[in-house]
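# An overview of the molecular structure
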Amino acid sequence: MIRPDTAAQIARLLTEGGDARITLNPETGLNRYLASPRPREMTTYASSTANDISPEAFAHLGERLDALAPRGEIDGAGYEVALDALRDRIRSAYGIGADCAIAFAPSGTDLEYVALAAVAGKAANGIHNLLLGADEIGSGCAHSAGGLHFAKETALDVATEPGTPVAGLGPVSLSQFPVRDDHGIANDSAMIAMEMRATIARAIARGEHPLVHIVHGSKTGLILPAIDDIDALRRRFGADVSFVVDACQARITGEAIAAYLRRGIIVLLTGSKFMGGPPFSGFALIPADMTAGAAPVAEGFTRIFRRAEWPEGWAGRDALPASPNLGLLMRLEAAIFELERFQALPIPRVVRVIDAFQAATGQLQSRICAQALGSRFGGAMPPQWHPIEMRTLVTLDLSCCLTRPSFDDAVAIQGGLLERGIRLGQPVRCIRMGTSGDTAQWAGTLRLGLSMPQIVRMDGLDDEALAGAFAGDMTRIGDALIAVMLGSRRSQRLSA
């Protein structure tokens, strides 16, 4: 049992060392993602957005706090030792080599800077970043992928101006590629790769180094481009192009991570989505040969990163401040605790839980007349052929429901569900309903996502209890959705 003072200290630390998104609303005790730094009794399928910390992870932090930070404090040297231990645990959990370098950051948005740093100086006229699916990855990534500040403050509590360049990164230009069309249909991998090929060629002709984004698990579960199309780009352009995988949802297997790393591709992950850790912890897996000849860290990184968070041996690393970020360390500790528990499960047992989840969400879709938004891996494949990790996420298209909620309606619905003790993932703008003037109107969506701790917990149930647990949750969600949507429609009629 954690002492009340220790529990309060942990909850406080979990909200420190990030930007404003992690700050708690004093009235609700929740952050911007409606997540709590303490465990809560709720019906929760919100891992596509952010998690409350699990009771098991919270208890683990209670046991680890004194070892990580005696007397509640840690110095720069202790911070480096602790992060190095986490690096070893991450490599072991995913089964990747000891030569893989690892950088840490509070969020996936910050991790974009790591990818830029890895390719800085490779061409005379800077970097051209090919950003795929900006509407289905972190909302600030278009800024950070362009080498710009994205928030009003950094994790070092340094004030910044969103949209201004990070000093020393050099010129960074940006092209964006959507992953879905206006009807919410996933774009074809070959078509995306063809458009990228032309953009890469133009960037090289301008004396820029192209950095191609791969999405492995968008907000709605897409993996694009397919690995065959990536390999074709690698063969065509060789060392003149680099690649980074946005796998920040962490819906990715160790085998897939290893396949990317073998190809010299950086992999970005966060511990706050599928991994089930509290919001704001991220890490980049960097192939060893990319760190040896990398340019020195940019001057502006001294306002963003701490020394221990950057891989040892990287030129200019010593210019980064040696101060610790105990909040980030605690969040990472919780996330890697969840990763290790999940990775210990044999795949057939994981599949059993996911199959039961899929069956239950299918029944929910039928009941509320919603449709599951299609996801795919490379070319079109039936759902049972999806990579197993993508089947932990279901995006509900509400546009065919009786009330035909818009995106804004879905935001209100999510809030209404929260009042009833239910947390689902945030709506995503991925299906266009039309336009109003110059403004696109988007259909309402909601996402149901399993997390690693949920799968570990459900694994302890027999088949009958497992099906019953999911069925009970989906019944409660369906009852609440119907009540909230009908209540919203009634309010609209009265206001009209």
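Source: prediction; values computed, not measured.

## Brief notes about the packing of helix H3 (residues 76-94) against helix H10 (residues 326-343)
- The N-to-C vectors of H3 and H10 enclose an angle of 20°; their axes lie 10 Å apart at closest approach. With respect to their mutual orientation, H3 and H10 come out roughly parallel. For the element pair H3 and H10, the recorded crossing hand is left-handed. Each of Tyr79, Ala82, Leu83, Leu86, Arg89, Ile90, Ala93 and Tyr94 in H3 lies in contact with H10, whose residues at this interface are Leu328, Leu329, Leu332, Glu333, Ile336, Phe337, Leu339, Glu340 and Gln343.
- When grouped by side-chain class, the residues that make up the contact of H3 with H10 number 13 nonpolar, one polar and three charged.

## What to know about the environment of Gly478
- Relative to the assigned elements, Gly478 resides in helix H14 (residues 463-495).
- With 113 residues separating them along the chain, Gly478 and Gln365 place their C-alpha atoms 8.7 Å apart.
- Apart from the residues within four sequence positions on either side, Gly478 is in contact with Leu364, Arg367 and Ile368.

## Focus on the confidence of the model for the chain
- Residue-level pLDDT values for the chain average 91, and 94% of them are 70 or greater.
- Contacts for the low-pLDDT stretch residues 377-385, under 50 throughout, to residues beyond four places or in other chains number eight contacts.

## Digging into the pattern of salt bridges
- A full pass over the atoms with the stated rule returns 20 salt bridges.
- Asp5 is the salt-bridge partner of Arg3, the closest N and O atoms lying 3.1 Å from each other.
- The exposure class assigned to Arg3 is exposed, which follows from its relative accessible area of 53%.
- Salt-bridge contacts for Arg457 lead to Glu56; the nearest nitrogen and oxygen are separated by 3.5 Å. Taken together, the positions of Arg457 in helix H13 (residues 452-459) and Glu56 in helix H2 (residues 55-68) put the pair 401 residues apart, joining distant regions of the chain.
- Several salt bridges converge on common partners, so that one network encompasses Arg64, Arg89, Glu333 and Glu340.

## Considering the pairing of strand E2 (residues 101-105)
- In terms of burial, E2 is largely enclosed, as five of its five residues are buried.
- Burial of E2 is two-sided: the residues Ala101, Ala103 and Ala105 facing one way and the residues Ile102 and Phe104 facing the other way are all buried.
- In this structure, E2 lies alongside strand E9 (residues 282-286), joined through five bridges in antiparallel fashion. Opposite Ala101, over in E9, you have Ile286 as the bridge partner.

## Observations concerning the environment of Leu448
- Following the sequence through the fold, Leu448 ends up in strand E15 (residues 445-449).
- Owing to a relative accessible area of 0%, Leu448 belongs among the buried residues under this scheme.
- Note: C-alpha distance between Leu448 and Leu393 (55 residues apart in sequence) is 5.8 Å.
- If we skip the residues at most four places from it in the chain, Leu448 touches Tyr45, Phe357, Thr361, Leu364, Thr392, Leu393, Val394, Leu396, Leu424, Met474 and Ile477.

## Things to note about the packing of aromatic side chains
- Overall, the coordinates contain 11 aromatic pairs when judged by the stated rule.
- Seen in terms of ring centroids, Tyr45 and Phe357 are 6.1 Å apart; in terms of plane orientation they differ by 20°. Their pairing is stacked. Residue Tyr45 is found in strand E1 (residues 43-45), and its partner Phe357 is found in helix H11 (residues 347-368); the two are separated by 312 residues along the sequence. As far as burial versus exposure is concerned, Tyr45 and Phe357 are alike and both buried.
- Positioned over the ring face of Phe407 is Arg429, at 3.9 Å from the centre of the ring.

## Details of the sheet that holds strand E10 (residues 371-372)
- Strand order in the open sheet formed by three strands is E10-E11-E15, with antiparallel pairing between adjacent strands. One side of each edge strand has no neighbouring strand; the edge strands of this open sheet are E10 and E15.
- Along the sheet, H11 contacts E10, strand E11 (393-397) and E15; its crossing angle with E11, the most-contacted strand, is approximately 5°.

## Some points on the side chain of Gln365
- The residue Gln365 is located in helix H11 in this model.
- Ignoring anything within four residues of it in the chain, the contact list for Gln365 reads Ala370, Gln371, Ala372, Val394 and Leu396.

## Notes on the environment of Arg303
- With respect to the element layout, Arg303 can be found in the loop between helix H9 (288-292) and H10.
- For Arg303, a relative accessible area of 34% puts it in the partly exposed group.
- Here the alpha-carbon distance between Arg303 and Val81, two residues 222 residues apart in the chain, equals 22 Å.
- With near-sequence residues (within four places) excluded, Arg303 lies in contact with His149, Thr154, Leu156, Val158, Ala159 and Thr160.

## Things to note about the nonpolar core
- Counting residues in hydrophobic clusters, the biggest one holds 104 residues, and the most contacted among them are Tyr45, Leu269, Phe283, Leu285 and Phe470.
- Aside from chain neighbours lying at most four places away, what touches Leu285 is Ile90, Ile96, Cys100, Ala101, Ile102, Ile257, Leu261, Ile265, Ile266, Val267 and Leu269.
- Counting 34 residues, the second-largest nonpolar core is a separate cluster that includes Phe150, Val172, Phe305 and Leu320.

## Observations regarding helix H1 (residues 4-13)
- Listed in full, the buried residues belonging to H1 are Thr6, Ala7, Ile10, Ala11 and Leu13. The buried residues of H1 occupy an angular sector of 165° when projected down its axis, which confines them to one face.
- Looking at the buried side of H1, the elements it contacts are H2 and H10.

Calculation notes
- Residues numbered from 1 in each chain as written.
- Predicted model: local features only at pLDDT ≥ 70, side-chain atom pairs only at ≥ 80, totals over all residues.
- Heavy atoms only, no water.
- Axes fitted to C-alpha atoms, helices over the stretch in contact; angles between N-to-C directions.
- Helix = DSSP H or I, 4+ residues; strand = E, 2+ residues; numbered from the N terminus.
- Parallel < 35°, antiparallel > 145°, perpendicular 65-115°, else oblique.
- Left-handed = near helix turned anticlockwise from the far one by under 90°.
- Contact = heavy atoms within 4.5 Å.
- Nonpolar A, V, L, I, M, F, W, Y, C, P; charged D, E, K, R; others polar.
- pLDDT = per-residue confidence, 0-100.
- Salt bridge = Lys/Arg side-chain N within 4 Å of Asp/Glu carboxyl O.
- Buried < 20%, exposed > 50% of the residue type's maximum accessible area, 1.4 Å probe, protein only.
- Pairing = 2+ DSSP bridges.
- Phe/Tyr/Trp six-rings, centres within 6.5 Å; stacked < 30°, edge-to-face > 60°.
- Lys NZ or Arg CZ within 6 Å of the ring centre and 35° of its normal.
- Core = buried A, V, L, I, M, F, W, Y, C linked by side-chain atoms within 4.5 Å.
- Arc of directions from axis to C-beta.

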